[in-house]
Amino acid sequence: MPPGEQGDSMNAPILLFDRHFLFFLAARGHMSRRFTMAPRRAAIKDMIESLGVPHTEVGAIRVNHQEVDFSFVPTTTEQIVIKAIPTPFDITRKTLLRPQPFDQVKFVADVNVGRLARLLLSLGFDTVYSNGFKDSEVAKIATREQRIVLTRDTALLKRKCIVFARRIRGEDPYLQLKEVLGFFGLARGKFDFLSRCTTCNCRLQPIEKQTILHRLEPKTKRFYTRFSICPNCCRIFWKGSHHGAMKERLRALGIPLDALEERP
Ligand SMILES: [Zn+2]
């Protein structure tokens, strides 16, 4: 029996979502945030996800003002309050739903947020991305390397092994970046601008122009003097005109230019 949005029935738990979950509930055609669940023996994680809300977006679950974890099995007409993650989300803090926090902010980006991944890499964030990633690979990397998953695929985030994640709402990559910086509280302080390879996440190393002259186009050779190289894929980087445009867009997002420490 599907969950009901209206009347209550005997021995059926009631789920009450806060307004932040409307994004997911509306995507499933639900007009309400209050649900009377069909009486069945199931963990609260499964009940929540059956309504289209991935567990990674849940900040707290309260039953009679007591916090419970995802394994809680409702048995009566309890009213269960589902709270969203408060922002900024501190992934280094232990909570009942996430008893094993991460040490640091590192990302793995799904194939549907590739341009966001490159922007994060440009700002110096440790971000793993490939346009060939399968869902299972993203989940495996997140678990093995303690990385936060960034994706626009809600279904991916229902995997139990994914603990920290953000289901990206925006469509424009710069707005997605703003969303990530805001959600995880990363918009403060300096960024290691242009310090990582935007293809393979390795830290770039400065390289003498003389040693790579044969690889440069005539105009690049003429107008630029400082270069860096990725020790992994050997791509060469320099601060071309597109970096100026990127800085302008970042400034428009509210990132002050003096927060962008450039390397080399
Ligand atoms: Zn590289």
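Structure first, text after, so check above.
In this convention, every chain numbers its residues from 1, walking through the sequence in written order. Only residues with pLDDT of at least 70 are given local features in this predicted model, and only at 80 or more are side-chain atom pairs given and counted; all residues enter the totals for whole chains, interfaces and linings. Values shown for side chains rest on all heavy atoms present in the structure; no hydrogens or waters enter the calculation.

Some points on the nonpolar core
Logical step 1: Ranked by internal contacts, the top residues of the largest apolar core, which has 34 residues, are F107, L123, L150, L177, F184 and L250.
Logical step 2: Among the elements that take part in this core, helix α5 (residues 173–183) stands out by supplying five residues, more than any other.
Logical step 3: Split by domain, the residues of this core number at least three in each of domain 2 (87–188) and domain 3 (192–264).
Logical step 4: Working rule for contacts: check all heavy atoms of both residues, and any pair within 4.5 Å makes them a contact. Leave out the neighbours within four places in its chain, and L150 touches F107, V108, A109, D110, V113, L116, L120, R166, I168, V180 and F184. Grouping buried Ala, Val, Leu, Ile, Met, Phe, Trp, Tyr and Cys residues that are joined through side-chain atoms within 4.5 Å yields what is termed a nonpolar core. Only protein chains enter the accessibility calculation, which uses a 1.4 Å probe; a residue whose area is less than 20% of its type maximum is buried, one above 50% is exposed, and one in between is partly exposed. Here a helix means four or more residues in a row that DSSP labels H or I, a strand means two or more in a row labelled E, and each is numbered from the N terminus. Where a domain begins and ends is set by an automatic assignment or by a domain database.

Looking at the coordination of the zinc ion
Logical step 1: The donor set covers N, O and S atoms within 2.8 Å of the metal, switching to 3.2 Å for Na, K and Ca, and it leaves out water, so a site may look short of donors. In this structure, C197 (SG), C200 (SG), C230 (SG) and C233 (SG) serve as the protein donors to the zinc ion, at separations of 2.1 to 2.3 Å.
Logical step 2: Note that the zinc ion binds four donor atoms; their angles at the metal cover 101 to 123°, and the shape is tetrahedral.
Logical step 3: Spacing between the donor residues of the zinc ion along their common chain follows C-x2-C-x29-C-x2-C.
Logical step 4: The class for C197 is buried, based on a relative accessible area of 0%. Working rule for geometry: tetrahedral if four donors all subtend angles between 85 and 135 degrees; square planar for four, octahedral for six, if opposite donors exceed 155 degrees and the others stay between 65 and 115; irregular in every other situation.

Structural notes on the pattern of salt bridges
Logical step 1: In the sections that follow, a salt bridge refers to a side-chain nitrogen of Lys or Arg positioned within 4 Å of a carboxyl oxygen of Asp or Glu. The tally for this structure, following the rule as stated, stands at 11 salt bridges.
Logical step 2: Put simply, R147 and D126 hold a salt bridge, and the shortest N to O gap is 2.9 Å. Of this pair, R147 sits in the loop between α4 (135–144) and β8 (148–151) while D126 sits in the loop between α3 (114–122) and β7 (127–129); the two residues are 21 residues apart in sequence, bridging distant segments of the chain. Take R147 and D126: they sit in the same class, and that class is buried.
Logical step 3: The shortest N-O distance in the salt bridge between R152 and E171 comes to 3.8 Å.

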